[in-house]
Amino acid sequence: MGKINAIITGVGGYVPDYILNNEELSRMVDTTDEWITTRVGIKERHILTEEGLGTSYLARKAAKQLLRKTGVDPDTIDALILSTTTPDYKFPSTASIVLGKLGLKNAFAMDISAACAGFMYTLDLATSMIKSGRCKKIIVIGADKMSSITDYTDRQTCVLFGDGAGAVLLEATEEEGVGAMDAFFRTDGKGLPFLHMKGGGSVCPPSRFTVDHRLHYVYQEGRTVFRYAVTSMGDDVLEVLKRNGLTNEDVNWVIPHEANYRIIEAVAKRVNLPMEKIVVNIEHYGNTSAATIPLAMWDHEANLKKGDNVVFTAFGAGFTHGASYFKWAYDGAEMAKR
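Sequence order as written defines residue numbering, which begins from 1 separately in each chain. Owing to the predicted nature of the model, reporting of local features is limited to residues with pLDDT of at least 70; listing and counting of side-chain atom pairs is limited to 80 or more, with chain, interface and lining totals taken over all residues. Working from all heavy atoms in the structure, the side-chain values ignore hydrogens and water.

Before going further, it helps to spend a moment on the sheet that holds strand β4 (residues 79-83). At least two bridges found by DSSP between two strands is the condition for calling them paired. Only DSSP runs of H or I covering at least 4 residues are called helices, and only runs of E covering at least 2 are called strands; the numbering of each starts at the N terminus. Within the open sheet, the five strands sit side by side as β1-β7-β6-β4-β5. Their pairing is mixed. Two strands lie at the open edges of the sheet, namely β1 (5-14) and β5 (108-112), each paired on one side alone. Averaged over all pairs of adjacent strands, the angle between strand axes in this sheet comes to 20°, irrespective of strand direction. With nine bridges joining them, strand β6 (residues 137-145) and strand β7 (residues 163-173) adopt antiparallel strand pairing. Across the sheet, the residue bridging to I141 is A167, located in β7. Contact criterion: two residues are considered in contact whenever any of their non-hydrogen atoms come within 4.5 Å of each other. Here an angle of 0 to 180 degrees is reported between the N-to-C directions of two axes, which are lines fitted to C-alpha atoms, with helices fitted over the stretch in contact. Contacting β1, β4, β5, β6 and β7, helix α5 (residues 118-131) runs over the sheet at an angle of about 170° to β6.

In structure tokens form, the structure reads like this:
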């Protein structure tokens, strides 16, 4: 028996139908399309407006598309791991709700919380579970309903966020030269003052005070987060390239967390890669937190070829950050047609 590795064998995605564009936002807060586009590169974001639907709905839609495209038997799925900052409930896990809706009979489910770096962390955890031989097929999902924690009276943050979900199927393989090659993660631990949501946790439980003082929304110090994000994501990509003996010429694609177009540009400059090699879709989706990387994969799947060197990188609250390197395992153009 050869060495077991983990490969991505398909990508699914979902964004809600309703589109909140910059023109509509400019009627809600003191902003303009030009201001938003120039500073963050976002033109529109998809918002889940239906009452009673949460992150599990987005995740389920992405996972259902993934199962249809790959044709995998749901009974062969060993685990479903979901990364989110906006769970349906404090408990049970959002992953367990998605598993139930999908009818996965032989799998276990759990949530992972690592903010905007969550999908990448979750993908690495699932990779380790497959390499250990314990699991053969795992659905990995990044999903967030960021509109549920966005303050639409705050012009600094409300322009940034959207709702969506992306899912990948991770499978075991003995084929050499494809799949998960390396990952490098770090957590700074000093990020609390700069990016957080004060209300709702055990330190500051929900109360009339927390609601009246609008403590259940994202708080961000943009300049500090920008600086940390560029430095961390750029250096993490360089570290992964160095560890694997890769040069800039060897990289086919970098798929970064989609937080801010200027951050992405600055990271590309820091690692000396042309923007043509950076997958960017923030213009149409905004920052969907844990969903940004799988949604970018989903959008870009038709351009991914077997053997491509693909590097993921992300930065999130905590501060959580890192980069991972995959050798792409299938013809994306063929899969995207399904």
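Take helix α8 (residues 261-270) next. Within α8, the full set of buried residues consists of I263, I264, V267 and A268. Looking straight down α8, one finds its buried side chains confined to an arc of 135°; they lie on one side. Tucked inside the fold, the buried residues of α8 contact α7 (222-243) and β11 (253-256). Distance and chemistry together define a polar contact, namely a pair of N or O atoms within 3.5 Å, with one atom able to donate a hydrogen and the other to accept it when in protein, and with adjacent residues in sequence counting only for side-chain atoms on both sides. Structurally, the start of α8 carries an N-cap: the backbone nitrogen of R262 is 2.7 Å from a side-chain oxygen of N260. Two residues or fewer after α8 comes N272, characterised by a positive phi angle close to 60°. Relative accessibility under 20% of the residue-type maximum defines a buried residue, over 50% an exposed one, and the middle range a partly exposed one, all with a 1.4 Å probe and only protein chains included. Here, the arc refers to the directions that run from the helix axis to the C-beta atoms.

For this document, the term salt bridge refers to a Lys or Arg side-chain nitrogen within 4 Å of an Asp or Glu carboxyl oxygen. Under the definition given, this model contains seven salt bridges. A salt bridge links K43 to D33; the nearest nitrogen and oxygen atoms lie 3.0 Å apart. Residue K43 is located in the loop between α2 (33-40) and β3 (44-46), and its partner D33 is located in helix α2; the two are separated by 10 residues in the primary sequence. Exposure remark for D33: the relative accessible area of 32% places this residue in the partly exposed category. A salt bridge links E175 to K306; its shortest N-O distance comes to 2.8 Å. With E175 in the loop between β7 and β8 (179-187) and K306 in the loop between α10 (292-300) and β12 (309-316), this pair connects stretches of sequence that are 131 residues apart. On the accessibility criterion, E175 (37% relative accessible area) is partly exposed. Take K306: its relative accessible area is 48%, and that puts it in the partly exposed class.

Moving on, we come to unusual backbone geometry. Omega for the bond connecting F91 with P92 falls within 30 degrees of zero, at 5°, which places this linkage in the cis form. Its place among the elements puts P92 in the loop between β4 and α4 (94-102). Notably, A115 is not glycine yet its phi reads approximately 55°, a positive angle. On the basis of relative accessibility, which here comes to 12%, the residue A115 falls in the buried class. The phi dihedral of N272 falls on the positive side, at around 60°, and the residue is not glycine. Within the secondary structure layout, N272 lies in the loop between α8 and α9 (282-285).

Another point: the sheet that holds β12. With respect to topology, four strands assemble into an open sheet ordered β8-β13-β12-β11, the strand pairing being mixed. Two strands in the sheet have a free side with no partner beyond their single neighbour: β8 and β11. The sheet shows a mean angle of 15° between the axes of neighbouring strands, taken without regard to direction. Bridge analysis of β8 against strand β13 (residues 320-327) gives eight bridges, and the strand direction is antiparallel. Within the sheet, the bridge partner assigned to T187 lies in β13 and is T320. Here α5 sits on the sheet and contacts β8, β12 and β13; the angle it forms with β8, its principal contact strand, is near 130°.

Bringing the pairing of β6 into the picture now. Burial within β6 is extensive, with eight of its nine residues counted as buried. Bridge analysis of β4 against β6 gives five bridges, and the strand direction is parallel. Residue L80 lies in a different strand from β6, and its bridge partner there is I139.

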